[in-house]
Amino acid sequence: MCLALALACATGALAMDRPVAPSGFTWHDVTEIRAAFLVPDGWHVREEHQDKTFALFITETAFSPPAEFEVGLTVNVFRNTPGAAAKVKQVFDAIAAKYSVKVTPGTSGPFRTLSCHFDSKPASGKEPVRQFQLGIANPKTGTAYLLIFESPVSRWDAAWAKGKPILDALALETEI
């Protein structure tokens, strides 16, 4: 599985700095982190804040924690994190060791990326969950993004048809 990451580097006025949303998607602006994410039509968005961490959920069905969702994207943003790139690498090193997966490095503008995908071991009586994880770090600003798109394995192809466009067209501010 290959992800062709195309970060649209926003510089303030997000609406002017990102491409037109593909059919079946709309842009969701996240002013707090000066970013925008594609949202499939009919999907739900939830934002949460805790200390220095900002979390965004783009999910097929609405949910409220502690409930979980089956299909969707989780975005965790850590700002003002010295060594952001090293912290993202630590997370992916742990994933690679736990799931015996290859982690793919990359770059896009000022961002350093790591990505991988794997199937989790199922909990008792549950179906395995497939995850695509993407770590993005901006070493200049100390901002790190951890993105996890997940779906039950049996629904992966249909879910990934919605998830891949979201991950392919991230609009992230380069100065935060």
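The paragraphs below set out a description of the structure included in this document. (Residues numbered from 1 in each chain as written. Predicted model: local features only at pLDDT ≥ 70, side-chain atom pairs only at ≥ 80, totals over all residues. Heavy atoms only, no water.)

## Description of the side chain of Glu150
For the record, the criterion: Starting at the N terminus, helices and strands are each numbered in turn, a helix being any DSSP run of H or I of at least four residues and a strand any DSSP run of E of at least two. Only protein chains enter the accessibility calculation, which uses a 1.4 Å probe. A residue is then buried if its area is under 20% of the maximum for its type, exposed if over 50%, and partly exposed in between. For the purpose of charge, His is not counted, nor are the chain termini; Lys and Arg are scored as positive and Asp and Glu as negative. Within this document, salt bridges are pairs made up of a side-chain nitrogen of Lys or Arg and a carboxyl oxygen of Asp or Glu, the two lying within 4 Å of each other. Contacts between residues were defined by any pair of non-hydrogen atoms, one from each residue, lying within 4.5 Å.
Summarising the element assignment, Glu150 is placed in strand S10 (residues 143-152). At 9.9 Å, Lys126 is the nearest oppositely charged side chain to Glu150, a buried residue that forms no salt bridge. In contact with Glu150, other than residues within four places in its own chain, are Phe69, Glu70, Val71, Gly72, Thr74, Val129, Arg130, Gln131 and Trp156.

## A word on the sheet that holds strand S9 (residues 129-138)
Selection criterion: Here, strands pair whenever DSSP counts at least two bridges between them. Lines fitted to C-alpha atoms define the axes, with helix axes restricted to the stretch in contact, and inter-axis angles between N-to-C directions lie between 0 and 180 degrees.
One open sheet accounts for seven strands, arranged S4-S5-S6-S10-S9-S8-S7; its pairing is antiparallel. Bordering the open sheet on either side are strand S4 (44-50) and strand S7 (104-108), each of which pairs with just one other strand. Strand-to-strand twist in this sheet, taken as the mean axis angle between neighbours without regard to direction, amounts to 15°. Bridge count for strand S8 (residues 111-119) against S9 is eight bridges, and the pairing is antiparallel. Considered in S9, the bridge of Arg112 is made with Ala137.

## Here's the deal with helix H1 (residues 84-99)
At 3.6 residues per turn, the α-helix brings residues three or four places apart onto the same side. Definition in use: Each helix should span, by expectation, one fewer than its residue count multiplied by 1.5 Å. Throughout, the arc means the angular range of directions from the helix axis out to the C-beta atoms.
For H1, spanning 16 residues, the distance from its first C-alpha to its last is 23 Å, which sits close to the expected 22 Å at 1.5 Å a residue. Burial in H1 covers these residues: Ala84, Val88, Phe92 and Ile95. Within H1, the buried residues cover an arc of 60° as seen down the axis, which keeps them to one side. Set apart from the buried face of H1 by more than 90 degrees, the exposed residues are Gln90 and Ala97. Where H1 is buried, its residues contact S8, S9 and S10. The first or second residue beyond H1 is Ser100, which carries a positive phi of 50°.

## Quick word on unusual backbone geometry
Look at the link from Pro65 to Pro66: it is a cis peptide, with omega at 15°. Among the structural elements, Pro66 can be located in the loop between strand S5 (53-59) and strand S6 (72-78). The phi dihedral of Arg34 is positive, around 45°, even though this residue is not glycine. Mapped onto the elements of the fold, Arg34 is located in the loop between strand S2 (25-30) and strand S3 (35-40). Even without a glycine there, the phi angle at Asn80 is positive, about 55°. The residue Asn80 is located in the loop between S6 and H1 in this model.

## A closer look at the pattern of salt bridges
Under the counting rule described, the total for this entry stands at ten salt bridges. The closest approach of N and O atoms between Glu173 and Arg34, which form a salt bridge, is 3.6 Å. Linking Glu173 in strand S11 (residues 171-173) with Arg34 in the loop between S2 and S3, this pair joins segments that are 139 residues apart in sequence. Looking at Glu173, the relative accessible area reads 2%, which means it is buried. Here Arg130 makes a salt bridge to Asp119, at a shortest N to O gap of 2.6 Å. Of this pair, Arg130 sits in strand S9 while Asp119 sits in strand S8, and the two are eleven residues apart along the sequence. Here the salt bridges share partners, and the residues they tie into one network are Glu60, Glu70 and Arg155.

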